Amino acid sequence: MTSKFETDFGTPAVQSDQQVTLTIDGQAITVPAGTSIMRAASEAGGSIPKLCATDSLQSFGSCRMCLVEIEGRRGYPASCTTPVEAGMVVRTQSDKLADLRRGVMELYISDHPLDCLTCASNGNCELQDVAGQVGLREVRYGLDGANHLQDQKDTSNPYFDYDPAKCIVCNRCVRACEEVQGTFALTIEGRGFESRVAAAGGKDFLDSECVSCGACVQACPTATLTEKSVIQWGQPERSVTTTCAYCGVGCSFRAEMKGNKVVRMVPAKEGPANRGHACVKGRFAWGYATHPDRITKPMIRKKITDPWQEVSWEEALQYAASEFRRLQTQYGRDAIGGITSSRCTNEETYLVQKLIRAAFGNNNVDTCARVCHSPTGYGLKQTLGESAGTQNFDSVMHTDVVIVIGANPTDGHPVFASRLKRRLRQGAKLIVIDPRRIDLVDSPHARAVHHLPLRPGTNVAMLNALAHVIVSENLLAESFIAERCDDAAFSKWRDFVAQAECSPEVMEAVTGVPAADVRAAARLYATEGNGAIYYGLGVTEHSQGSTAVMAIANLAMATGNIGREGVGVNPLRGQNNVQGSCDMGSFPHELPGYRHVSDDATRNLFESAWGVSLQNEPGLRIPNMFEAALDGSFKGLYCQGEDIAQSDPNTQHVAAALSAMECVVVQDIFLNETAQYAHVFLPGSSFLEKDGTFTNAERRISRVRKVMPPLAGKADWEVTIALAEALGYRMDYRHPSEIMDEIARLTPTFHGVSYARLEEKGSLQWPCNDDAPDGTPTMHLNQFVRGKGRFMLTRYVATDEKVNSRFPLLLTTGRILSQYNVGAQTRRTANVAWHDEDRLELHPSDAEDRGIAEGDWVGIHSRAGETVLRATLTERVQPGVVYTTFHFPESGANVITTDNSDWATNCPEYKVTAVQVVKVTQPSEWQQRHRSFTQQQQALLKGRRKVVTEPGR
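A brief report on the enclosed structure follows. (Residues numbered from 1 in each chain as written. Predicted model: local features only at pLDDT ≥ 70, side-chain atom pairs only at ≥ 80, totals over all residues. Heavy atoms only, no water.)

1. What to know about the layout of surface pockets
Approximately 1,300 Å³ is the volume found for the largest pocket. What lines the largest pocket is a set of 42 residues, and nearest its centre among them are Pro12, Ala13, Asp55, Ser56 and Arg422. When contributions to the lining of the largest pocket are tallied by element, the ones reaching two or more residues are α4 (172–181), α5 (215–219) and α12 (414–425). A per-element tally of the lining of the largest pocket places α12 first, with five residues. (1 Å grid on protein atoms, 1.4 Å probe; cavity = no way out; pocket = protein on both sides within 12 Å on 5 of 7 lines; lining within 4 Å. Points joined across faces, edges and corners; volume = space filled by probe spheres on them. Helix = DSSP H or I, 4+ residues; strand = E, 2+ residues; numbered from the N terminus.)

2. Some thoughts on the sheet that holds strand β12 (residues 299–300)
Judged by pairing direction, the sheet is mixed, and its eight strands sit side by side in the order β15-β14-β25-β26-β27-β12-β13-β37 without closing on themselves. Every interior strand has two partners, whereas the edge strands, β15 (365–367) and β37 (945–946), have only one. Looking at chain direction, β12 and strand β13 (residues 309–310) are connected through two bridges and run antiparallel. Counted as the bridge partner of Met299 is Glu310 from β13. On the sheet, helix α22 (residues 622–631) packs against β14 (336–340), β15 and β25 (636–640) and is oriented at approximately 125° with respect to β15. (Pairing = 2+ DSSP bridges. Contact = heavy atoms within 4.5 Å. Axes fitted to C-alpha atoms, helices over the stretch in contact; angles between N-to-C directions.)

3. Examining the packing of helix α9 (residues 346–360) against helix α26 (residues 736–746)
In contact at an axis separation of 9 Å, α9 and α26 are set at 65° when each is read in the N-to-C sense. It follows from the interaxial angle that α9 and α26 lie roughly perpendicular. Classified by chirality, the crossing of α26 by α9 is left-handed. Contacts from Asn346, Glu347, Tyr350, Leu351 and Lys354 of α9 reach α26 at Pro736, Ile739, Met740, Glu742, Ile743 and Leu746. When grouped by side-chain class, the residues that make up the contact of α9 with α26 number seven nonpolar, one polar and three charged. (Parallel < 35°, antiparallel > 145°, perpendicular 65-115°, else oblique. Left-handed = near helix turned anticlockwise from the far one by under 90°. Nonpolar A, V, L, I, M, F, W, Y, C, P; charged D, E, K, R; others polar.)

4. Some words on unusual backbone geometry
That bond from Trp766 to Pro767 is cis: its omega, 0°, falls within 30 degrees of zero. With respect to the helices, strands and loops of the structure, Pro767 is situated in the loop between β30 (763–765) and β31 (809–813). Here Asn474, not a glycine, exhibits a phi torsion of approximately 55°, which is positive. Structurally, Asn474 is set in the loop between α13 (459–472) and α14 (478–484). According to the relative accessible area criterion, Asn474 is exposed, its value standing at 55%. (Buried < 20%, exposed > 50% of the residue type's maximum accessible area, 1.4 Å probe, protein only.)

5. Regarding the state of the cysteines
Throughout the structure, instances matching the rule amount to zero disulfides. Among the cysteines around Cys177, which has no disulfide bond, Cys213 carries the closest sulfur, lying 6.5 Å off. You can see Cys213 has no disulfide; the closest cysteine sulfur is in Cys216, sitting 6.3 Å from it. (Disulfide = S-S within 2.5 Å.)

6. As for the environment of Phe480
Counting through the fold element by element, Phe480 comes out in helix α14. A residue is classified by how much of its surface remains accessible, and Phe480, at 13% relative accessible area, is buried. C-alpha of Phe480 to C-alpha of Ala407: the two residues are 73 residues apart in sequence and 28 Å apart in space. Apart from residues lying up to four places away in sequence, Phe480 is in contact with Cys485, Met557, Gly560, Ile562 and Phe784.

7. What about the pattern of salt bridges?
For the structure on display, the rule yields 58 salt bridges. The shortest N-O distance in the salt bridge between Asp55 and Lys269 comes to 2.7 Å. With Asp55 in the loop between α1 (37–43) and β3 (69–70) and Lys269 in the loop between β11 (261–267) and α7 (280–284), this residue pair connects regions lying 214 residues apart in the sequence. Of the charged contacts in the structure, one is a salt bridge between Arg703 and Glu759, with a shortest N-O distance of 3.8 Å. Placement of Arg703 in strand β29 (residues 700–704) and of Glu759 in helix α27 (residues 755–761) is noted, with a sequence separation of 56 residues between them. For Glu759, a relative accessible area of 46% translates into the label partly exposed. The network of salt bridges with shared partners includes Glu227, Glu256, Arg264 and Arg283. (Salt bridge = Lys/Arg side-chain N within 4 Å of Asp/Glu carboxyl O.)

8. Observations regarding the pairing of strand β7 (residues 196–199)
Judged by which residues are buried, β7 turns out to be covered on both faces: Arg196 and Ala198 on one side and Val197 and Ala199 on the other are all buried. Judged from the four bridges that link them, strand β6 (residues 186–189) and β7 form a sheet pairing that is antiparallel. By the bridge assignment, Ile188 is partnered in β7 with Val197. Counting the residues that bridge the hairpin from β6 to β7 gives six residues, and of these Gly190 lies at a positive phi of roughly 80°.

9. Topic: helix α8 (residues 313–331)
An ideal rise of 1.5 Å per residue puts 27 Å on 19 residues; α8 measures up with 27 Å between its terminal C-alpha atoms. Trp313, Ala316, Leu317, Tyr319, Ala320, Ala321, Glu323, Phe324, Leu327 and Gln328 are the residues of α8 that are buried. One or two positions beyond α8, positive phi appears at Gly332, with a value near 110°. (Expected span 1.5 Å × (residues − 1).)

10. Topic: the environment of Cys173
By secondary structure assignment, the location of Cys173 is in helix α4. Sequence-wise, Cys173 and Cys52 are 121 residues apart; in three dimensions their C-alpha atoms are separated by 9.7 Å. Those residues in contact with Cys173, other than ones at most four positions away along the chain, are Leu186, Val197, Cys216, Ala219 and Leu225.

None of the figures reported here should be taken as evidence of function without further support.
Structure follows, in structure tokens:
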């Protein structure tokens, strides 16, 4: 159902330089050429009845409710499908129009349940509104004839019901699935009176091809498709616009509330990142925020084998502070550190790194970007001069050739994927470079021209081969290179990739991809207009992750595909604020704004603002913290909103490091895997309980707005301030807006950012400063941030992780649509209906060689460890390659990943692990130990005792 908190203009807005003036009901109106009469009337304050029309879909003209009279024309055309013309005179109200509309509405109502008072959509139903609008007072047609009132309701989907008895066959849901989502999962079955909406590919909605994005529910004008939450709690009373806390797309939502209860999340039409669309996670999977597993009281314990004790905020913070000071006194200033969160706001992340540098007195701060996109920061900084993507998401609508490498947008970034598929349906061409046949390779109405299924670990070889073709066949953008790039660096790079060792023919033995396919893909990218590259963790999480990022930037510069709409280098960021956590100075070598700690001017700026002296040497990265913990020199950790015990590689190594620490402070909303090793637990707050900002993958800074009070009494930023004060360092902020003001003062790319400007503009893309007061949708327009673009030599170096007779298969990992990252959020929602366990995908030929059948339990053995998963046989993976997700801690996906990492950033090589797979009958030894440890920790949590109860709580 279209949100009652938004205006629906009936048809989409039209962009045109030509303006047209017409008269509607005696009022002169000027609108862009191509605008529908319906939209023109609506923008002028009028209201033409409609049922099949909505401004998120192209006009359809089926319901016949929006008829109008046009002077000089015969008949009564539909206003939604009739464009305005200069001098046109339109009447939207007359006795004849009223009779026609009432007659049409009467036919609709004759086959519709008259249960408005008990209907979940009562008060927010377009059919109900239009019936009142046209003045329908009686229905002359009885209900004795054929009707659909007894049609069976489909309640299979965990988030919404489908009631065909209330369907008016307006086609809006079908069109939304096609135009907005691009899944084509809905259709109209039957003809004439027997026409009804059906979900394709299954017996019901849950079993069908529907991906539960909610576009159909949002488009439905009746109660045919209704959220179960609305059925349970009734219609919302107010709306608060905020930003989704899942992936790096950064969708804008209206949290529609009843008191302090979220009734539903509706994607905001004006949201620049999502344009009114959503995925199953952002749209429906928000129930984790009030899940019974939430821990809302601070807890402490001496040892991880002790029961937890509930204490006051003051006692918990004082205990954590005293332990940190004890450790520094006993082991030295650098014995403690912290990890910032990519799920928390910019303001909260900024405060954590400030606390570590100013209150801890060291630079031992890192963030989860270390294990995902740190090579993006390094590689793009070296080549282009800035550690972020170059475009906004709308840019893809101007692209002619898209390369997707090491990313799976339909699962990891589904709202962007829908926009990409729309562009592909318009004629853009797609090249997919991935070991696995992802959905984009062959999906309804969106197929790849080339799929290059390279072997895991050979990205750099593939990228060099593409570059070789571009150089050797003289497909270079010579004038762009001469004007925009460093001559000496380009010459060295050109000579390097021109060598025979980089040719597709030589690299075929490395990548496994036929040379002819590589040559065809390179020619397509270099010659067919605007070319854009989108990449993900399948590029960065390798031993040559930084090298691959630089190779991608080289390709873009070599073909002139940078610095305008429709082109660029576009990292698809994994978590909601991983870009922001990097921007805020969460790396041990950089202060906010990507400025090195050794730079005297930068350090002096922050020392003056913070009133402390800062170290000029980089601190410890996350892997270094683990090693130092095992060596006995790193003893304390403040971990806000990250689950390193599940997300980081070589799980047993991480667990050993955490066990070796004397004080682990975890700030989170659940007792996650890391918190089981904690000595202090500080309750966190969800995105619904705080104010702040997130920065998405397109550098877009968007507001996060509090829609309900923090369940634990404090938002995360307030907890960090209180911890700093307990450590003797005072932070004076009354609201996150004041934190952003400080960020803006100290960070050149944020100089023009404030909450007032965000309210005015809706969002801003950095750099936002005096040079770009409204932000920067496209980077590197006239010159690169570093001046001249720098080509980097990207020699392919094979990973140390190699197959052999003992470990003959290569394991790679990824995500699935319904689950998110470590699963702490989505596993506590109905999303488990689609994916309730991690499985191992393997090719049927590999399965046959091992006597493995569909659904068998299989042991996966690597040089680091072993685990057991259920097998899924599929040709999505090529022979010799196996694949799994990592959303469930008991799966132990990271038990088997190794310590190999990127040469420049220590980003783990999750995507290449040599393994053997065998049929087994019981869990691995690690899984048995993990189960026992988890049960013990849950018992200690359940047996926690209250020591102090805060007044009023």
